[in-house]
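Now for the letters of each chain:
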Amino acid sequence: MSSLTISKENKEAKQAPSLFQSTQHIIQQALEKLNYNEATYELLKEPLRVLTVRIPVRMDDGSVRVFTGYRAQHNDSVGPTKGGIRFHPDVTEEEVKSLSIWMSLKCGITGLPYGGGKGGIQCDPRTMSFAELERLSRGYVRAISQIVGPTKDIPAPDVFTNSQIMAWMMDEYSHIREFDSPGFITGKPLVLGGSVGRESSTAKGVTIVMREAAKVVGIAVEGAKVIVQGFGNAGSFLAKFLHDAGAKVVGISDAYGALYDPEGLDIDSLLDKRDSFGTVTTLFPNRITNQELLVQPCDILVPAAIENQITEENAPQIQAKIVVEAANGPTTMKATEILTQRGILIVPDVLASAGGVVVSYFEWVQNNQGYYWAEDEVNEKLERILVQSFHQIYQTSLQRGVDMRLSAYMVGLRRMAEAVRWRGWV
Ligand code: GLU
């Protein structure tokens, strides 16, 4: 296989490769280790399809704003594509493409009958009214309706989107198709066909893989000092679960800053005080920065916010024994190398954050069956899948002498590489 070509601008500026380029590089390494041919890499290194849409939205003041959105579908050889939609000012086509590939990996690792997809709209929902968000959500569904559907591509929540947004999107899709289509989207409110346990499933998944990682490192989660960066859906549920499980949550953060207390934070009171976007640190004058938080003393560090947080600059100072990546892409390739060399166990994003899509799959199955499960059934099945996925990746990393991220890519890509071969695509 030809080696990865870093773009000209990157070479000249001697910049670190982008997350997308790093992702392609690890895909190449993983497929090489698994002995797949060049054509398999050529096919899997990019999404099969990326749609860019422009969405005109009537704002409350009567003016019209035109938003840019994307939907990327990485590969549908295993089954329909699946993955969330994020509403964020920094959304780019390249980010959505990377995220769609990571969704393929999550589904491959956990054995779901899906490939990866992802969508995003460049917008700042924190500055928009409820009515404007509804019009934007419906406009996006109209714009992408041709390429999505319960057996084509199934969206879900992601950064700054929630069950209300899923409900509007499901309603719009059902109007377009002229029949009720709960299986079009997951992460819905319970009364519209949502699954019990979906809202907290990403965090629940993180606690499961964290517990397994702690076992192999020889520490207990109970009594461990944990830092959780990010107080959104994953971070806030996680802080609560860890606190309830007897861990000492010593640090949390939001987009505006971080709180650290070696004696442990009062998580219940922080949860009470946060707003609907997870902001709470602005209430505390003694807050530190997110970057300062990451290098504070702790046993387990959980980046649960955004991309590129652990880099070659701060990786040498990270004090944790385990890094559990609840966010997508929080650690750069160079930082992964540094942490691995320092003997810090990384539970990679494509494994650690897979709980959300696993329960989304359960939601879709329940929608297709029209038969709804009890919470213990959801939890039991989630537990079984993630424990097995963790140990498969951990064992592969030991047996093949590769870091946890490369191991996760090897496990996650194998089925898709087989599927494209069986279909005769490569
Ligand atoms: N947005 C979540 C993720 O990145 C969930 C995707 C889904 O449930 O389909 O994994």
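None of these values were measured; they are calculated from a predicted model.

### Some words on empty space enclosed by the protein
Okay, so step 1: One pass over the full model with this rule turns up one cavity of 30 Å³ or more.
Okay, so step 2: In this structure, the largest cavity encloses a volume near 90 Å³.
Okay, so step 3: Contributing to the lining of the largest cavity are 13 residues, with Leu-19, Ile-26, Thr-331, Arg-405 and Tyr-409 lying nearest its centre.
Okay, so step 4: Elements supplying a minimum of two residues to the lining of the largest cavity: α2 (19-33), α11 (333-341) and α15 (404-422).
Okay, so step 5: The greatest single-element share of the lining of the largest cavity, amounting to four residues, is contributed by α2.

### A look at helix α7 (residues 201-217)
Okay, so step 1: For α7, with 17 residues, the first-to-last C-alpha span of 24 Å sits near the 24 Å given by 1.5 Å per residue.
Okay, so step 2: Buried residues dominate α7, accounting for twelve of its 17 residues.
Okay, so step 3: For α7, the full list of buried residues reads Ser-201, Thr-202, Ala-203, Gly-205, Val-206, Thr-207, Ile-208, Val-209, Met-210, Glu-212, Ala-213 and Ala-214.
Okay, so step 4: Positive backbone phi, at 90 degrees, marks Gly-218, one or two positions downstream of α7.

### As for the pattern of salt bridges
Okay, so step 1: This model, assessed by the stated rule, comprises 26 salt bridges.
Okay, so step 2: Residue Arg-71 pairs with Asp-153 through a salt bridge whose shortest N-O separation is 2.7 Å. Taken together, the residues Arg-71 in strand β2 (residues 64-73) and Asp-153 in strand β6 (residues 153-154) connect sequence positions 82 residues apart.
Okay, so step 3: For the salt bridge of Asp-158 with Lys-118, the shortest nitrogen-to-oxygen distance reads 2.8 Å.

About the cut-offs
Residues numbered from 1 in each chain as written. Predicted model: local features only at pLDDT ≥ 70, side-chain atom pairs only at ≥ 80, totals over all residues. Heavy atoms only, no water. 1 Å grid on protein atoms, 1.4 Å probe; cavity = no way out; pocket = protein on both sides within 12 Å on 5 of 7 lines; lining within 4 Å. Points joined across faces, edges and corners; volume = space filled by probe spheres on them. Helix = DSSP H or I, 4+ residues; strand = E, 2+ residues; numbered from the N terminus. Expected span 1.5 Å × (residues − 1). Buried < 20%, exposed > 50% of the residue type's maximum accessible area, 1.4 Å probe, protein only. Salt bridge = Lys/Arg side-chain N within 4 Å of Asp/Glu carboxyl O.

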